[in-house]
Amino acid sequence: SSSSSSSSTWGRVAPPPKQHVSLFDKCGRERVVLVNSISKTAKATGWRIGWIVANAARTRKIRAVHDQLVASCPTPLQFGVAAFLGLAGEAMTHDAYLKRVPEDYVAKRDLLLASLRSAGFDVGPVPRGAYYVFADYTAVPALAGLGPEDAALHMTATVGVACVPGDNFYLSAADKRNIGSKYLRFAFVRSLEVIQAAADKLADMAAAQARGTTGP
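Attention here is on the structure that accompanies the text. From a predicted model like this one, the values you see are computed outputs, not experimental measurements. (Residues numbered from 1 in each chain as written. Predicted model: local features only at pLDDT ≥ 70, side-chain atom pairs only at ≥ 80, totals over all residues. Heavy atoms only, no water.)

## What to know about the environment of R109
As for its placement among the helices and strands, R109 is situated in helix α4 (residues 94–118). With a relative accessible area of 9%, R109 lands in the buried category. In sequence terms R109 and T158 are 49 residues apart; their C-alpha atoms lie 23 Å from each other. (Helix = DSSP H or I, 4+ residues; strand = E, 2+ residues; numbered from the N terminus. Buried < 20%, exposed > 50% of the residue type's maximum accessible area, 1.4 Å probe, protein only.)

Quick look at the structure:
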């Protein structure tokens, strides 16, 4: 029989009425290997701690490969993940937290998108299952004529809003030049207070551009 893998890393990010449907839930562990991590659900992208659920036969083989790929996982982070997964019984239950995750992301997403648009960015389709925004900056006066790296540096050092050059996400030189060179990637994973601070700085940037200056 055929088998497949299913990543549920972004499963809790999709806002209602959208709902993540996992192959694992549909087909079970005899046919599907479930891959998940703490990264997106707990806003801990740098921790790199996750898990795999599979049947016994596949688990033995996965463990054999894993043993050759990973040297260690920091013990304090493992305790942190265990504490997060054991939230049931606390003042805010695990289920309550998981329900709140997409709601929090929607609020931060909408705030950041509106702020980017006001500063002249073209944000394209609204993200509905990730906390990244791939924004076209070619119509932003303060970034006119800048390549993606210089544009990202200007946004970070001068405006005070960190982002990543879009060409980092393309492999070939042609794609970097023809596609990635138009974009900056912003994230709304941080707290609402941090996103609001970024929105305020983008508002200052928009106001400066309206005055005909390029400063924040």
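Following the structure, the description resumes.
## Looking at the sheet that holds strand β6 (residues 183–187)
Judged by pairing direction, the sheet is antiparallel, and its three strands sit side by side in the order β4-β6-β5 without closing on themselves. Bordering the open sheet on either side are β4 (132–136) and β5 (164–165), each of which pairs with just one other strand. As judged from the five bridges shared by β4 and β6, these two strands associate in the antiparallel manner. Looking at the pairing, Y132 lines up with A187 of β6. Sheet strands in contact with helix α5 (residues 148–159) are β5 and β6, and its direction is about 40° off that of β6. (Pairing = 2+ DSSP bridges. Contact = heavy atoms within 4.5 Å. Axes fitted to C-alpha atoms, helices over the stretch in contact; angles between N-to-C directions.)

## Considering empty space enclosed by the protein
Applying the stated criterion across every chain, the model contains one cavity of 30 Å³ or more. There is about 50 Å³ of room inside the largest cavity. Contributing to the lining of the largest cavity are V13, P15, P102, Y105, V106, R109, P127, R128, G129, A130 and F188. Counted by class, the lining of the largest cavity contains eight nonpolar, one polar and two charged residues. (1 Å grid on protein atoms, 1.4 Å probe; cavity = no way out; pocket = protein on both sides within 12 Å on 5 of 7 lines; lining within 4 Å. Points joined across faces, edges and corners; volume = space filled by probe spheres on them. Nonpolar A, V, L, I, M, F, W, Y, C, P; charged D, E, K, R; others polar.)

## Points about the layout of surface pockets
By volume, the largest pocket amounts to about 740 Å³. Around the largest pocket, the lining comprises 25 residues; the ones closest to its centre are I49, G50, W51, I52 and H66. With five residues, helix α2 (residues 56–69) is the largest single contributor of residues to the lining of the largest pocket. When its residues are assigned to classes, the lining of the largest pocket shows 13 nonpolar, nine polar and three charged. In this structure, the second largest pocket spans a volume of roughly 630 Å³. Mapped by element, the contributors of at least two residues to the lining of the second largest pocket are α1 (23–27), β2 (32–37), α3 (75–85) and α4. When residues of the lining of the second largest pocket are assigned to their parent elements, the largest contribution, four residues, is made by α4.

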